[in-house]
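Structural overview
Each chain is listed here by its residues.
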Amino acid sequence: MPRRVRYRELDWFLLGLVLLVAALGLLEIYSTTVNHPRFANMHVRQLSWMGLGLLVMLVVARLDYHTLLDQAPLIYIATLGGLVAVLFLGREMFGARRWLEVGGFTFQVSEVAKWSIIVVLAKFLGELRSETLTWKDMAKVAVLAGVPIVLIAAQPDLGTALTLVPIAATGVFLAGLRWKHAAALVLMAVLLLPVGWFLLRPYQRERVLAFANPGHSPQGSGYQTMQSKIAVGSGAFWGKGMGKGSQNQLGFIPVRHAEFIVAAYAEEQGFAGVLLALGLYLTLLLRLLHNAETAADRSGALLVTGVFSLLAFHLLVNVGMVLGWMPVTGIPLPLMSYGGSATLSTFMMLGLVMSVRMRRFVNL
Amino acid sequence: MDLHAEPRLPSPRLALLRYGIAAVVVLLLVGFWQLQVVRSDYYANLAERNRIRTLPLMAPRGLLQDREGRTLVDHVPTFSVILIREHIGGIQDSLPAIARGLNVEPAALQARLDEFKEAPPYQPIVLKDPATLADIAFIEAHRIDLPELELLLMYRRRYPPGGFGAHLFGYVGETTPEEIAAAGYQLGDLVGKMGLERHYNSILMGANGERRVIVDSRGKEVDKLDQKKPVPGRPIRLTLDYDVQLAAEQALAGRQGAVVALDPRTGDILAMVSHPGFDPTLFATRIPPEQWRALTEDPAKPLLNRVIQAQLAPGSVFKIVVATAALEEGLFDRPFTVYCPGWANHYGRTFRCWVPQGHGLVNPHRAIVESCDVFFYQVGRQLGIERIARYARLFGLGSATGVDLPSEAGGLIPSPEWKQRVQKQPWYDGETISVAIGQGPIMVTPLQLAYAVGGIASGGVFARPRLLLEPETPPQIHRVSLKPETVAFLTDALWGVVNENGTGTAARLPEIDVAGKTGTAQLVGFDTLRRVGGRPTRTLVENAWFVGLAPRRNPEIVVVVLLEHGEHGASAAPLARDVIKAYYDKKNRGGARQLAGLPSAASPEKN
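Looking now at the interface of chain A and chain B. By convention, interface size is frequently given as the accessible area that disappears when the constituent parts associate. With 42 residues of chain A in contact, the opposing surface of chain B contributes 38 residues. Listed by contribution, the elements that provide at least two residues to the side of chain A that touches chain B are helix H7 (158-174), helix H10 (221-235), helix H11 (246-249), helix H12 (261-293) and helix H13 (298-322) of chain A. With 13 residues, H12 of chain A is the largest single contributor of residues to the side of chain A that touches chain B. The class makeup of the residues in the side of chain A that touches chain B is 28 nonpolar, nine polar and five charged.

Next up, the structure:
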C-alpha cells in the first residue's frame, strides 16, 4: 500500500527552475500589457493562475500516480466523451468549437486531453512486459492516441492535435520501438504527407503556404512572422530594455503576451536574455529526463517523459514559429505565455512529475 | 507479480533524448544568434521603418503679383487623400473599400497605384485631390481598419477665373518621369508646366518639409518625433499691370488673337493676352483625358500663347522697318515720291495696292499714313532683300526676344541664302516686293513686333521684354544707332496714321499722343486663292495687326494687337486704343486700385 510522502521530498530544483522561467514570462507579460488599457492587469491575472497552478501541482503531487494509472480507462473514456461533446455542444469561437462550458467556466477539453493521453499511454506502455514492441502493440498505441487526435483535429485545432503525436512517439521510442519499425514508420509518414495536404482546411493550407513563402500573404501569417523576426532581430545582443521594444509596445508583434511572447522578450532582453531563458528551459527539460531515469517504475518514467515530450514539442514549435522556422500556430510556450488553461494544465503535468519524483524510492 | 522483473526504460534511449533536446535548444540559439547578432542592423532598420511614419508637409507655391503688388495667382488650402504604403504589406484587399469610400472607380485607383509602383515605399501617393467633406469623414471614420489612408494638407493653386492671364501664368501639374530625371523632382511633385509657372518654377516651388511621427501597428499616431518645416515658395512680382491687362482681356474678349503691351524704356510687359484661352484651374488637379484632348485638338489652338508663339506675316506693320531702313540708307535724303495708280509692275509681275483706285502721288510721310503698297514696292526694290533683312534682324525680328517665358518662337526673316539653304531654290526678285509690305515668307511674333517698333520709336534703344519686376536691375538694352531725323520722321508719320485720317484713326484718343501703324496680312496669297478657285472664306482671309504707341516721342507704352481673321488692320486699332487709354487712366489717377479677390475678366471693375 502506498505510504504517505512528505512535501519535503518535492523536486525543489525543478520547482526553482519552473518558477524562474515563469517569472521571466510574467515580467514580459507585464511589459507587453502594462501600457495597454485593454490588457490591464494581465500580469496580475497570470500571477493568480500560476498561484492556482502551484496549488493544483501540490494536490496532484500528493496523489499517488498509480491511482491515476489505475483509473486510466475511465480517464480515457471521459476524455473521449468530452471531446465528442465539444464537437456538438462546444462554444463556437473564431470558426472552431474548442471550448466547453461547465458551470459558468469555459475550458478547453483538448488541454485536458494532452494530460489524459500521457496517463493512458504511460499505463499501456508501462505494463508491456517485453523489451521491444510488436506491430500489434504499436497498432494499439496508434488507436489510443489516434482517436483523440482525430477528434481534436476535427474541432478544428490541428496545432493541439499534433502535440499528442510526440507524446506517443516518445513513449513508443522509450518503450522499445525497434529501429527497423522506426524506419518503416518514418517512410510511411513521408508517403502520407501529400494525403495530409488534402485533409487540411483552406486556412490551414494558407498558413503552410505563407510559411513556405512569407511574401505570399504579408497581411496574414507571413506578416506576423516578419514582424516577429523584426522584433527578435532588432533586439540585438543586449535588447532594447524592459518596456522599450517598439515592435512590442506599438503592437507590431501579434499576440505578444501569449503565443509570441518570446518575440517580445527577445526584443527587450536581447540575445543575452534569450540565452538565459533557453538555458533555464533546457535545464528544466534535462531535469525531467533525470526524473524519468530515477522513477520507481516504468509507468512513472513514461509519465515524466510524456510531460517532457509535450513541453519540448511546445518549445520547438513555439520558438521555431517566433524565428520564422515553423508555421504560425496557436501553440503557446508553457510557463511563459499568458493563458489560464495552459498554465493550469502545465502545472498539473508538473504535479504528475512531482508525484513520480516523490515516490522514486518507493516500491509497491 | 515479480515487480523487479519489470523492464526499465532503456538508458541509451533516454540519453539520446537528452542529446536531442540539447541539440534542439542549441539550434534555436543559433537561430536567435543569426537574427540578433549577425543581422541585427538589418532588423533594427526595419523596426525603425515600422514605427516611424514620414508625412510630407507641403510647401505652398509662391504668389504671382502684378507690379503694384496685387495678387493675381494664389492658393487655397485643401486636403488630399494620400495612401501610405510603408509597412502596409498588401493593400489589394482594402482597395474595393477605399474605392467605394472615396467614390472613385476601382480601375482608376489601381491605375494610380501602378503609376507609383517604382516609387520608394516611404513616399505616399495622392489618391484624391481635393478631398471632399465626405472623403474626410470617411477617412476619419475608418482610421482603425484603413490606417493606410491619411489626409494631407495641400495648397491648391488658384488662378483668376475666366482664363484671365492663363497663357502668361501657365499651370502646374504632376512631374513626368523625364522631369524627375532631369531636375531631381520627386514623383508626385507639382511643378510648373507652362508659362511663368514653368519658367520660374524653382523660385515658386519651395521645398516640402516632413513630419515624422511614431505610429503603432494600426497606423495610429502615438507620438511626434520631429519635423522639418516646409520652405514656402517665394512670391514673384510681375511687370504686369492689372489695369492694363484687364483692358487687354476685355478688348479681346470673344475674338481670336493676341494683345501685348510693354514699356519700351524698360522692356516691362504690362499686358499679355492670347485668345482663345483656357482655364488653368482645370490643371490644378489631374485633368481628365477628354478635356485634355479637347484642348489639344481644338483647331483654334487655345493652349498656344499667340503673343510669343504665333508666327505670322506682319503685313503693313513691316513698312515701319522698311521705312527705317530707307531713311537710314539715305533713300529719302532727296525728294522721293512714287505715283500710285493702284498697282505696279515689278519684274514682270503686277502687284496691287490695297486701295484699288490708287493713292496718286505719294511722299514717304503719306505713304506710311495711308499705307501705300505701291510706294513700298518701289522702296523695297531699291533697298533689295539683303538690306531689308539686315535691318529687320537688327531690330530683333525673326528671332526670339529672350522674354522670361518658355517656348518662345523665333519667326523668320527670309533671305536668298535662307531660301537656297532651306528650299533649295534661288531667290526671286519678285519675292522682295512682297516682303517689302510684310507679305511672303516672313514670320514674326506679336512680341517681336512690339520689341522692334518700341525700339525704333525709342531712338534705337531696344529693351528686352521681361515679366519679372526688378526695379534694381537695369533693363537689358540693345542699342542700334539710328539717326535722330529718322526717328523723328518715323514717329511723326506713325502719329499721322492715327491722327491725320490715316488707316489707324480708330486708335485716336483725345489729349493723348497716340501713334501707330495698321497691318493686314494675307494668310494665303490672293493669287493662290484665285488659282484654287476658292472664295475668300474666313479662315483664308487676313490677319489684322495694329501697333500703337504713346506718346509719340520716347514712348512709354507700345501695344501690339493681332486679330486673326480680322479682315483689316483698322479693326485692330480700337483694341490698342482701349489698352493705351487704360494705361493713361491709371497713370492720371495716380495709384492702383486694390483688388478684393482674384481678378476676373468676366467681372470687370469699371472706373
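On to the nonpolar core. Residues and elements named next belong to chain B. Judged by nonpolar contacts, the single largest core of 128 residues is most densely connected at Val-259, Val-260, Ala-261, Ala-271, Val-322, Val-561 and Val-579. For this core, the element with the highest residue contribution is helix H16 (residues 373-394), accounting for 12 residues. In this structure, this core is formed jointly by two domains, domain 1 (52-237) and domain 2 (242-279 + 307-589), each of which donates at least three residues. Those residues in contact with Val-322 that sit more than four places away from it in its chain are Phe-376, Val-379, Gly-380, Leu-383, Ile-388 and Ala-436.

The subject of this paragraph is the pairing of strand S21 (residues 557-563) of chain B. Residue and element names in this part refer to chain B. Counting buried residues in S21 gives seven out of seven residues, a clear majority hidden from the surface. Of the two faces of S21, both are covered, the one formed by Ile-557, Val-559, Val-561 and Leu-563 as well as the one formed by Val-558, Val-560 and Leu-562. Alignment of strand S11 (residues 257-263) against S21, held across six bridges, turns out to be antiparallel. What sits directly across from Gly-257, in S21, is Leu-563. Relative to S21, strand S20 (residues 542-550) runs antiparallel, the two being bridged by seven bridges.

All names here are of chain B. Across the sheet, which stays open at both edges, the three strands sit in the order S1-S8-S9 with antiparallel pairing between neighbours. The strands lining the two open edges of the sheet, one partner per strand, are strand S1 (52-57) and strand S9 (221-228). When strand polarity is set aside, the average angle formed by the axes of neighbouring strands in this sheet is 25°. With six bridges joining them, S1 and strand S8 (residues 209-215) adopt antiparallel strand pairing.

Conventions used here
Residues numbered from 1 in each chain as written. Chains lettered and ligands numbered in written order. Predicted model: local features only at pLDDT ≥ 70, side-chain atom pairs only at ≥ 80, totals over all residues. Contact = placed C-beta atoms within 7 Å. Helix = DSSP H or I, 4+ residues; strand = E, 2+ residues; numbered from the N terminus. Nonpolar A, V, L, I, M, F, W, Y, C, P; charged D, E, K, R; others polar. Core = buried A, V, L, I, M, F, W, Y, C linked by C-beta atoms within 7 Å. Buried ≥ 20, exposed ≤ 12 C-beta atoms within 10 Å, placed from the backbone. Domains from an automatic or database assignment. Pairing = 2+ DSSP bridges. Axes fitted to C-alpha atoms, helices over the stretch in contact; angles between N-to-C directions.

Don't take any of this as a statement about function, it's just geometry.
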